[in-house]
Amino acid sequence: MSQTPPTSKASKGTVQIITSNNRLQLRFRYGGKRHYLSMGLSDTPLNRKAAEQRANQIELDIISGNFDSTLEKYKPQAALSTVTPDITPKPIPGASDLWRQYREYKAASLKATTKGYHEALARILEKIPSYPVSDALAIKAELEKVTTVHQTKRILIQLSAVCKWAIKHGLIDANPYDGMAGEMPKFKYQLEPSPNAFSEEERDRVIEAFKAHKGNWNGRGIAGAG
């Protein structure tokens, strides 16, 4: 590798460091073509060392047959890292607003009773401050101030469903209500054991009676019993 002024001629496979407007460039020939690669650096001793390392890499790749003809491999990482992608943060909708969008989306497919239930939950949500839907803990605390624990649990279940729908449609990125309702007290029906019409003794007597009876029921009594 050599360092020459811009007017000097580079030999085949030799990468030269040159300056243009006090900016470092690499110049070399490959495949019958002359290439120029800007380092994006001013001409200083430290920057020249970085240019030398890149020039060595290009020369080794040419010799080994691994040269990247697109030159992407050799572009300065510093120049690439200074490019800031234009990413606008996704606005987070309020819980009430997202609930409204969900109701409007589902309106055509819901029964009247379900619509009424959704409207009742919407009225409760309107009683609390307008928090972003991501503030799940704050929303839960506010709901418990204006309604019962079990009603709060029902709303959290619905908000979890709303967030799943919103994620699917790209409105939000996460569901902070996933599993939250399961951490709350169980509903009454979940605590009660399954109903049993007979005690074990009564059940056994009914079974024995069926085994022992003779004849068929004809609507007025058992026919053929003897």
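Residues numbered from 1 in each chain as written. Predicted model: local features only at pLDDT ≥ 70, side-chain atom pairs only at ≥ 80, totals over all residues. Heavy atoms only, no water.

1. Overview of the pairing of strand β2 (residues 16-20)
Sheet analysis places β2 next to strand β3 (residues 23-30), joined by five bridges and oriented antiparallel. Note that in β3 the partner of T19 across the bridge is L24. In this structure, the hairpin formed by β2 and β3 is closed by a connection of two residues, where N21 is found at a positive phi of approximately 55 degrees. (Pairing = 2+ DSSP bridges. Helix = DSSP H or I, 4+ residues; strand = E, 2+ residues; numbered from the N terminus.)

2. Observations concerning the pairing of strand β4 (residues 33-42)
Examined bridge by bridge, β3 and β4 share seven bridges and lie antiparallel to one another. Opposite R27, over in β4, you have Y36 as the bridge partner.

3. Thoughts on the packing of helix α4 (residues 112-125) against helix α6 (residues 149-168)
A pair of packed helices is captured by two measures, namely the crossing angle of their axes and the spacing between those axes. The N-to-C vectors of α4 and α6 enclose an angle of 105 degrees; their axes lie 11 Å apart at closest approach. Classed by the angle they form, the pair α4 and α6 counts as roughly perpendicular. Of α6, the residues touching α4 (which contributes Y117, H118, L121, I124 and L125) are Q151, R154, I155, Q158 and L159. A class-by-class count of the residues in the contact of α4 with α6 yields six nonpolar, three polar and one charged. (Axes fitted to C-alpha atoms, helices over the stretch in contact; angles between N-to-C directions. Parallel < 35°, antiparallel > 145°, perpendicular 65-115°, else oblique. Contact = heavy atoms within 4.5 Å. Nonpolar A, V, L, I, M, F, W, Y, C, P; charged D, E, K, R; others polar.)

4. What to know about the pattern of salt bridges
Note on pairing: side chains with opposite charge can pair once their charged atoms come close. Here the structure, examined in full by the defined rule, presents six salt bridges. Of the charged contacts, one joins R100 and E104 as a salt bridge, the two residues approaching to 3.2 Å between their closest N and O atoms. Pair noted here: R100 and E104 are both in helix α3 (residues 95-106), with a separation of four residues, about one helical turn. A relative accessible area of 36% places R100 in the partly exposed class. Note on E104: relative accessible area 52%, which makes it exposed. For the salt bridge of E142 with K145, the shortest nitrogen-to-oxygen distance reads 3.4 Å. Of this pair, E142 and K145 are both found in helix α5 (residues 136-146), three residues apart, which corresponds to roughly one turn of the helix. Note on E142: relative accessible area 15%, which makes it buried. (Salt bridge = Lys/Arg side-chain N within 4 Å of Asp/Glu carboxyl O. Buried < 20%, exposed > 50% of the residue type's maximum accessible area, 1.4 Å probe, protein only.)

5. What about the confidence of the model for the chain?
Averaged over all residues, the pLDDT of the chain is 78; the fraction at 70 or higher stands at 71%. Counting interchain partners and residues more than four positions distant, the pLDDT-below-50 stretch residues 1-12 has 29 contacts. The low-confidence segment residues 78-84, where pLDDT is below 50, has one contact with residues more than four positions distant or belonging to other chains. (pLDDT = per-residue confidence, 0-100.)

6. Some remarks on the packing of aromatic side chains
One pair of aromatic rings is described through two measures. These are the centre distance and the angle between the planes. All chains considered together, the criterion is met by six aromatic pairs. Between the aromatic rings of Y30 and F67, the centroid separation amounts to 4.2 Å while the plane-to-plane angle is 45 degrees, which identifies the pairing as tilted. Taken together, the residues span a long stretch of sequence, with Y30 in strand β3 and F67 in the loop between α1 (45-64) and α2 (77-81) at a distance of 37 residues. The class for Y30 is partly exposed, based on a relative accessible area of 32%. For F67, a relative accessible area of 11% gives the class buried. Note on Y105 and W165: the rings are 5.3 Å apart at their centroids and 50 degrees apart in plane angle, and the pair reads as tilted. In this pair, Y105 is assigned in helix α3 and W165 in helix α6, connecting sequence segments 60 residues apart. Ring pairs connect the aromatic residues F28, Y30, F67 and Y74, which therefore count as one cluster. (Phe/Tyr/Trp six-rings, centres within 6.5 Å; stacked < 30°, edge-to-face > 60°.)

7. Notes on the side chain of N175
As for its position among the elements, N175 is in the loop between α6 and α7 (188-191). A relative accessible area of 16% places N175 in the buried class. One polar contact links the side chain of N175 to the main-chain amide nitrogen of Y177, over a distance of 3.0 Å. Excluding anything up to four places from it in sequence, N175 contacts S160, C163, K164 and I167. (Polar contact = N/O pair within 3.5 Å; in protein donor to acceptor, adjacent residues only side chain to side chain.)

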